[in-house]
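# Notes for the structure review
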Amino acid sequence: MSSATEAPTLALHGGPKAVQATDPSLFHWPIITEEDEAAVLEVLRAGKMSGIDVTLKFEEEMAAWHGVRYALAHNNGTAALQAAMWACGVRHGDEIIGPSLTYWASLMPALNLGARVVFADIERESLNIDPADVERRITPRTKAIVAVHYTGYPCDMDRLLEIARRHKVKLIEDVSHAHGTLYKGRLAGTMGDVGCMSLMSGKSLACGEGGMLITNDESIWQRAAAFGHYERTGGPSRYAKSTVAITDPELTQYAGVPLGGFKYRMHQLTSALGRVQLKHYAERRAEIDRAMNRFGDLLEGTPGIRLHRVRQENCSMGGWYYPLAHYNAEELGGLKIEKFCEALRAEGVPCAPGANKPLHLHSVFHGADIYGTGRVQKTEIERLPVSEGVASSIFSVPWFKHDRAGEIAAYANAINKVAHAAKRGLIQ
Ligand SMILES: *Cc1c(COP(=O)(O)O)cnc(C)c1O
C-alpha cells in the first residue's frame, strides 16, 4: 500500500511531523508593547478605572475610523448588542432574526428583552445568513435582523439592507469577528442601522473585555446610552460629560438611572489599551491579511480543501478572526472530517472539525424557562440544513499573525500531504 515512491509517511502512521517547532509568536495575540503597558499604567496609577474620560477619547477614535457619527463603549460586546437591540425597538413579544451559526451573544440578549429568536439558515459559500431565508421568516412581529459577518467574511449587505428597508425592520451588524472587514469598500458595522463589536482579548481588535456600538443614528445612540449608561443620562454624576447629550424627553424624564437596569460602562483599562491597539490595528491587520492569503494561495490545488475567504472586489476578511477551511469529503475518498483533522493534528497543525455549534440545536432554545414565563421559545424551531452541515464540511485552520513565508508553507504542506494521502485512500 505504501509502495508509492513519493508519498511521505503520515505522522498518524509514525512518520515525521510535517510541521516542526513553530515560533509561538506566529500565533500570539494581541501584540503588547511598552506603549500599551504605559497607557494602562497611567490609568491605573491615576485611579481612573471607572471614569469615562479615556473612554470618550476611544469612542471618538473608533467613530472616526469607521466614519460614523457616534460610538458608545460597553463593558463587553454582549452588552453592546443588547443595548442595540433595545435601541432598535426590540420589546416583549417581538421577534429578531439571526443566523444559528454564531456565538450565542449575537442573539441571546434578545431573550432578556422578552423577544423571540428566529433562526435563518446560512449560505453554503459565505457561511453568513441567507437573505432569502431571512425574508421568508419576516412576520409583523419582526423588529430587527442581526447580520453576523462570520469569521470576518462580509454578509451580503446589499440584499439584507434592501430586505430590511422594504419590511421596515432594523438591521444590526455584529462585527465581533470582522473589525476592519470591507464589503464593497465599506467598513463592516457602518452599513446597517447600528454595528456592535466585541473587543475581548481573543478577537482581532483585542482590548480586554469590552464592546463598541457604532451608529449614524442619533436616536439609537441616545436610547443605547439611556439603556446602560446612567452616568450619561444627565442625572447627577461625578463622571466626565459625554460630548453627545441625551435630549429625547422620553428618555430624559428618567435621568439618573439606566432604563435597562444595567451598568454597561467600559472599564478604562480596556479603553486605554484599546486606544493603543487601534493605532496599530491597520498595519497588524494588513499583515494578517497577507499571511492568511499566502496560506490560502498555497492551498489552491489541494484536493478537497479550500480556505474560507472572500474573493469579491473591494471585500476583505478584516482581521481573519477564527479562520476556517471548506472540506469536501467526496474529493478525499469519503474520509470523515474527524479523521482528517486527527491526521492533521498529528502533523502538528492545530485544527478541529466544524465551527460554532448551531444555536438552534442548543437545549436553551428547547425548553429552558429562564424568567418563569414558560419556555423562552414558544414555537418549534425548524431544521437548518446548511447550518447543521457545517459540522462535516468546515474545519478550523491556524490563524497566522505574521507573514512568515517559510513557516506558513510548512502548515500548507502538511495539509497538502494529508489531503493527498486521503485522496489515495491511505487514511482509514
Ligand atoms: C465574541 C462575540 C460576541 C460577544 O462579545 P463579548 O465581548 O464576548 O461579550 C458577540 N458576537 C460574536 C459573533 C462574538 O464572536
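## Observations concerning the sheet that holds strand S1 (residues 70-74)
If you trace the 7 strands from one edge of the open sheet to the other, you get S1-S9-S8-S5-S4-S2-S3, paired in mixed fashion. Taken across any chain shown, the strands that pair with only one partner, and hence form the sheet edges, are S1 and strand S3 (116-120). On average, each strand axis in the sheet is inclined to that of its neighbour by 25°, with strand direction left out of account. Pairing analysis gives 4 bridges linking strand S8 (residues 194-198) to strand S9 (residues 211-215), with the strands arranged antiparallel. In the strand pairing of S9, Cys-196 is matched with Leu-213. Strands in contact with helix H6 (residues 157-166) are strand S4 (142-148) and strand S5 (170-174); relative to S5, the strand with the most contacts, it is inclined by about 150°. Seen against the sheet, helix H7 (residues 218-228) touches S1, S8 and S9 and runs at an angle of roughly 20° to S1.

## Re a nonpolar patch on the surface
Taken together, Tyr-254, Val-257 and Leu-259 make up a surface patch of nonpolar side chains, about 250 Å² in accessible area. By the element assignment, Leu-259 lies in the loop between helix H8 (249-252) and helix H9 (268-299).

## Things to note about the pattern of salt bridges
One pass over the structure, following the stated rule, counts 25 salt bridges. Among the ionic pairs, Arg-141 bridges to Asp-94, the shortest N-O distance being 3.4 Å. On the criterion of sequence distance, the pair formed by Arg-141 in the loop between helix H5 (131-136) and S4 and Asp-94 in the loop between helix H3 (77-87) and strand S2 (95-99) is long-range, its members being 47 residues apart. When its relative accessible area of 44% is taken as the criterion, Arg-141 is described as partly exposed. One salt bridge connects Arg-137 with Asp-133, and the closest N-O pair in it is separated by 3.0 Å. No difference in accessibility class separates Arg-137 from Asp-133, as the two residues are buried. Several salt bridges share partner residues, and in doing so they unite Asp-133, Arg-136, Arg-137 and Glu-382 into one network.

## Comments concerning H6
For H6, every residue scored as buried is listed here: Met-157, Leu-160, Leu-161, Ile-163 and Ala-164. The buried residues of H6 all sit within an arc of 165° when viewed along its axis, so they share a single face. Buried residues belonging to H6 abut H5, S4, S5 and strand S6 (182-183). Looking one or two residues beyond H6, the residue adopting positive phi is Lys-168, at roughly 55°.

## Considering the packing of aromatic side chains
Going through the model one piece at a time under the given rule, you end up with 18 aromatic pairs. Ring geometry for Trp-65 and Tyr-281: centres 5.8 Å apart, planes at 70°, overall edge-to-face. With Trp-65 in helix H2 (residues 53-66) and Tyr-281 in helix H9, this residue pair connects regions lying 216 residues apart in the sequence. Exposure remark for Trp-65: the relative accessible area of 28% places this residue in the partly exposed category. On the basis of relative accessible area, Tyr-281 is assigned to the buried category, the value being 4%. Aromatic rings pair up to connect Phe-27, Phe-295, Phe-400 and Tyr-411 into one cluster. Its end group placed over the ring of Trp-399, Lys-401 keeps NZ or CZ at 3.9 Å from the ring centre.

What counts as what
- Here the residue numbers are simple positions, counted from 1 along each chain's written sequence.
- With the structure being a predicted model, the display of local features is reserved for residues of pLDDT at least 70 and the display and counting of side-chain atom pairs for 80 or more, all residues being used for whole-chain, interface and lining totals.
- The side-chain quantities take in all heavy atoms of the structure and omit both hydrogens and water.
- Any two strands between which DSSP finds at least two bridges are classified as paired.
- Strands here mean DSSP runs of E at least two residues long; helices mean DSSP runs of H or I at least four residues long; both are numbered from the N terminus.
- Simply put, an axis is a line fit to the C-alpha atoms, just over the touching stretch for a helix, and the angle between two N-to-C directions goes from 0 to 180 degrees.
- By definition, residues are in contact when any of their heavy atoms lie within 4.5 Å.
- A patch is a set of surface residues, each over 30% in relative accessible area and not in a salt bridge, joined within 9 Å for like charges and within 5 Å for the nonpolar side chains Val, Leu, Ile, Met, Phe, Trp and Tyr.
- The protein chains shown are the only cover counted for residues, whose accessible areas, like all others here, come from Shrake-Rupley with a 1.4 Å probe.
- A pair is scored as a salt bridge if a Lys or Arg side-chain nitrogen falls within 4 Å of a carboxyl oxygen belonging to Asp or Glu.
- Partly exposed describes any residue whose relative accessible area lies between the buried limit of under 20% and the exposed limit of over 50%, with all areas from a 1.4 Å probe on protein chains only and scaled to the type maximum.
- By definition, the arc is the one covered by directions from the helix axis to the C-beta atoms.
- Planes of paired rings set the category: under 30 degrees apart is stacked, over 60 is edge-to-face and the rest tilted, where pairs are Phe, Tyr or Trp rings (Trp by its six-membered ring) whose centres lie within 6.5 Å.
- Charge-over-ring placement is defined geometrically: NZ (Lys) or CZ (Arg) within 6 Å of the ring centre, and within 35 degrees of the ring normal.

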